[in-house]
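Structural description and commentary
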Amino acid sequence: MSAAGTLAARAPTDRVLWLVAPAAMFMLLLFIYPFVYGLILSFTPPQGDWLANYRKFFTTDNLWPTIWTTLKLALPATIINVGLALPIAFMMRVKSRYQRWITTILVVPITLGTVLIAEGMLTYFGPKGWLAQFLQLLHLYDGPIRLTHNYTGVLISLVISGFPFAFLLILSYITGIDPVLARAASTLGAGPREQFRHIYLPLLAPGLAMCFCLAFVQAYSVFPSAVLLGAPAGPTRVISIAAYEAAFEQYDYSLASAIAMIMGFVQLIIVAAVLGLRSALYRGPVSGGKG
Amino acid sequence: MGKGDFIARAWRALLYGLMTLFVVNIGLMIAAVATNSVARRWLGTWLPEGWTTSWYLAAWKEFQLGDVLLVTIEVVFAVVFLALLIGVPAAYTLARREFVGKRLLMLVFLLPLMVPPITYGIPLATVLYKAHLAGTIYGVILANLIPAAPFVILVMTPFIEQIDPNLESAARVFGASTGRMFLHVLVPLLAPGILAASLLVLVRTIAMFELTFLTAGADSQTLVVALYYAVFAAGVRAPQSVDAMAMVYMGVTLVWLLIALRFVNPTQLVSRVKEHPQPA
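Residues numbered from 1 in each chain as written. Chains lettered and ligands numbered in written order. Predicted model: local features only at pLDDT ≥ 70, side-chain atom pairs only at ≥ 80, totals over all residues.

**What to know about the overall build of chain B**
- Regarding its fold elements, chain B presents 11 helices and 0 strands.
- Each helix and strand of chain B, placed in order from N terminus to C terminus, yields the pattern α-α-α-α-α-α-α-α-α-α-α.
- For 280 residues, the compact-globule estimate of 2.2 N^0.38 gives 19 Å, and the C-alpha radius of gyration of chain B, at 24 Å, exceeds that figure by more than 25%.
- Principal-axis analysis of the C-alpha atoms places the extent of chain B at approximately 75 × 70 × 30 Å.
- Per-residue burial for chain B yields a buried fraction of 46% across its 280 residues.
- Considering only contacts within chain B whose residues lie at least 6 apart along the sequence, 74% involve residues at least 24 apart. (Helix = DSSP H or I, 4+ residues; strand = E, 2+ residues; numbered from the N terminus. Rg over C-alpha atoms; globule rule 2.2 N^0.38 Å. Buried ≥ 20, exposed ≤ 12 C-beta atoms within 10 Å, placed from the backbone. Contact = placed C-beta atoms within 7 Å.)

**Focus: the overall build of chain A**
- A count of helical and extended segments in chain A gives 13 helices and 0 strands.
- Across chain A, helices and strands are ordered from the amino to the carboxyl terminus as α-α-α-α-α-α-α-α-α-α-α-α-α.
- Across its three principal directions, the C-alpha atoms of chain A cover 70 × 65 × 35 Å.
- With 291 residues in all, chain A has 47% of them scored as buried.
- Long-range pairs, those at least 24 residues apart, make up 75% of the contacts in chain A between residues at least 6 apart in sequence.

**Some details on the interface of chain B and chain A**
- With 83 residues of chain B at the contact, the number on the chain A side is 90 residues.
- At 13 residues, the largest contribution of residues to the side of chain B that touches chain A is made by helix α1 (residues 2–37) of chain B.
- Residues belonging to the side of chain B that touches chain A are distributed by class as follows: 59 nonpolar, 14 polar and 10 charged. (Nonpolar A, V, L, I, M, F, W, Y, C, P; charged D, E, K, R; others polar.)

**Looking at the domain arrangement of chain B**
Residues and elements named next belong to chain B.
- According to the domain assignment, chain B consists of domain 1 (1–52) and domain 2 (54–268).
- Taken over C-alpha atoms, the centre of domain 1 sits 32 Å from the centre of domain 2.
- Taken together, the contact between domain 1 and domain 2 spans 7 residues of the former and 8 residues of the latter.
- Its residues placed into classes, the side of domain 1 that touches domain 2 shows 4 nonpolar, 3 polar and no charged. (Domains from an automatic or database assignment.)

**Re the packing of helix α2 (residues 21–42) of chain A against helix α4 (residues 102–114) of chain B**
- At their nearest, the axes of α2 of chain A and α4 of chain B sit 11 Å apart, and the two run at 50° to each other. Relative to α4 of chain B, α2 of chain A is oriented oblique. Crossing of α2 of chain A over α4 of chain B shows left-handed handedness. Two secondary-structure elements touch here, α2 of chain A through A24, M27, F31 and I32 of chain A and α4 of chain B through L105, V108, F109 and P112 of chain B. (Axes fitted to C-alpha atoms, helices over the stretch in contact; angles between N-to-C directions. Parallel < 35°, antiparallel > 145°, perpendicular 65-115°, else oblique. Left-handed = near helix turned anticlockwise from the far one by under 90°.)

**Overview of the nonpolar core**
- In this structure, I170, A243 and I259 of chain A together with V152, L227 and M245 of chain B are the most contacted members of the largest nonpolar core, which totals 179 residues.
- Here this core gathers at least three residues from each of two domains, domain 1 (1–52) and domain 2 (54–268) of chain B.
- If we skip the residues at most four places from it in the chain, V152 of chain B touches A83, L84, G87, V88, A91, A197 and V201 of chain B. (Core = buried A, V, L, I, M, F, W, Y, C linked by C-beta atoms within 7 Å.)

**With respect to unusual backbone geometry**
Residues and elements named next belong to chain A.
- Of note, the phi angle at H149 is positive, near 60°, even though the residue is not glycine.
- Along the chain, H149 turns up in the loop between α7 (130–137) and α8 (151–174).
- The phi dihedral of Y251 is positive, around 50°, even though this residue is not glycine.
- Structurally, Y251 is set in the loop between α12 (239–248) and α13 (253–281).
- You can call Y251 exposed: it has 9 C-beta atoms within 10 Å.

**Focus on the environment of S161 of chain A**
Residues and elements named next belong to chain A.
- Within the fold, S161 resides in helix α8.
- Judged by the 24 C-beta atoms lying within 10 Å of it, S161 falls in the buried class.
- Between the C-alpha atoms of S161 and V108, which are 53 residues apart in sequence, the distance is 9.9 Å.

**Comments concerning the confidence of the model for chain A**
Residues and elements named next belong to chain A.
- The predicted model of chain A has a mean per-residue pLDDT of 83, with 92% of residues at 70 or higher.
- Residue range residues 1–12 is modelled with pLDDT below 50. Its contacts to residues more than four positions away, or to other chains, number 19 contacts.
- In the predicted structure, residues 286–291 sits below a pLDDT of 50 and forms 12 contacts with residues beyond four places in sequence or in another chain. (pLDDT = per-residue confidence, 0-100.)

**Looking at the environment of D67 of chain B**
- Note that D67 of chain B resides in helix α3 (residues 65–96).
- Along the primary structure D67 of chain B and A191 of chain B are separated by 124 residues, whereas in three dimensions their C-alpha atoms are 32 Å apart.

**Here we look at the packing of α4 of chain B against helix α6 (residues 137–162) of chain B**
Residues and elements named next belong to chain B.
- Viewed as axis vectors pointing N to C, α4 and α6 meet at an angle of 120°, and their least axial separation amounts to 9 Å. By the angle between their directions, the pair α4 and α6 is classed as oblique. The crossing of α4 and α6 is left-handed. Contacts from F109, L110, P112 and L113 in α4 reach I146, P147, P150, F151 and I153 in α6.
- The residue inventory of the contact of α4 with α6, partitioned by class, reads 9 nonpolar, no polar and no charged.

**Points about the confidence of the model for chain B**
Residue and element names in this part refer to chain B.
- Per-residue confidence for chain B averages 84 on the pLDDT scale, and 92% of its residues sit at or above 70.
- The model gives residues 270–280 a pLDDT under 50, and that stretch makes 22 contacts with residues more than four places away or in other chains.
- Taken together, the chains of this predicted complex give a pTM of 0.83 and an interface ipTM of 0.80.

**Quick word on α12 of chain A**
- Most of α12 of chain A is tucked away: 8 of the 10 residues are buried.
- Listed as buried for α12 of chain A are I239, S240, I241, A242, A243, Y244, A246 and A247 of chain A.
- Buried residues along α12 of chain A sit in contact with α4 (65–91), α11 (224–228) and α13 of chain A together with α5 (117–130) of chain B.

**As for the environment of I259 of chain A**
All names here are of chain A.
- Tracing the backbone shows I259 in helix α13.
- Separated by 192 residues in the primary sequence, I259 and I67 place their C-alpha atoms 9.9 Å from one another.
- In contact with I259, other than residues within four places in its own chain, are F57, I239, A242, A243 and A246.

So this is what it looks like as structure tokens:
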């Protein structure tokens, strides 16, 4: 389709190319330039040599562990979100009367926003919240319930805010696979599980990798919920808190930029690992089965 | 056969169970916030001792919700308008043309969606402070445009690919310039896609915390940032008025999301598809 378009509209001078210019200029000015500026800034600390910021980051006790703290939150959250979203989206691929309702209900938590989730969890999961009262009423669990102001609280909030997004994305990828392929497989006697294993999973691999990366970015940049629901001084002191403190509490923009760059670098390593894993597990057309 | 059947059924039941658990707990969580926002005093009992709507009035006055909502609306609509203005033409070029450096350009448009907002937000805030734009509403709009414009491009490209290029050629044959062709042929045909993209950008921008947080000043906060400050600086404030504000926030986003879902089938956000054939 796009090849035909290229041929058909090639005749007049290609002023169409200029249409991409404003957006490209904008990205250059407000994305690339600040990024490069930040990179240079991170290598020009007010004191010390060009690596001083990075040395400081990796030798200060409340800075370098933030990488692990963040990964320990973001990786499980992403795996839970994608792992739950995949089978549920696979089940929802068949159009039915309820499909649209269920998808809408599952997507609505996107609107909640971190603060409402935090407030809601503090009230609902808190030591005297409805959940605690309910569990004690049924004598299911009588001990103190600690689901907030710790690691678990942040993880739960990441699942609540991240799952709908992962679900929406995977659902749209799954429904993008031509159902004729699955019907052909079922003619040959493949049940849903074999269809999933041999038809959907290979075709989904690129979308799944993309979804994992996007969901990971979301969880990785966790900031408000780590402060409001976690223990921002200890177990949920994530890297974005460290970056924010450096920039807006110590006004050390140079160090803050260095932390931001480290953050982006770790993120890119994960993305590269996911994409590498995908191509190691499956080789084939990058996009297939679209209608 | 019988055993496989059982496993399949148990699997479905497990999935439905998980979905129910998720939805019920979130529903109760929202209900808890809603209850607290109209509660007089609520400490460790099933239901509060009395009801009142005064927290909404308190929140409105205390947090200058009127001003905050106005700023939010200004920011969100400016971002949507500008993102469409630069995003749609760019998506058109990317969908229709091959040129040197196209892959690099695509990467530049994809990166803001793949990199955590804080990573580019902090250097961006530094640059905007140098340019005396940070702390103003213009800075907030510019910062929010960075993920919004690529998002428009990403959503619009499949919509544009669906349009028959012969229509454009026909417009050319009749002597239409690129601008006229865009205005009279493409924009009307793209209306559903433009609507979808603008609603999604709208919902995303309302919810965008990090970039607004890093670039906003005292009088250029959007709702989500004002809400964060309200909770963060809590202690002096009654939690009920924070909850009231959180309900206002949810109401605002929910309305727009439901409008969006009315026009956009959630299953068609990323890739365009055939309708699923009904099993015979």
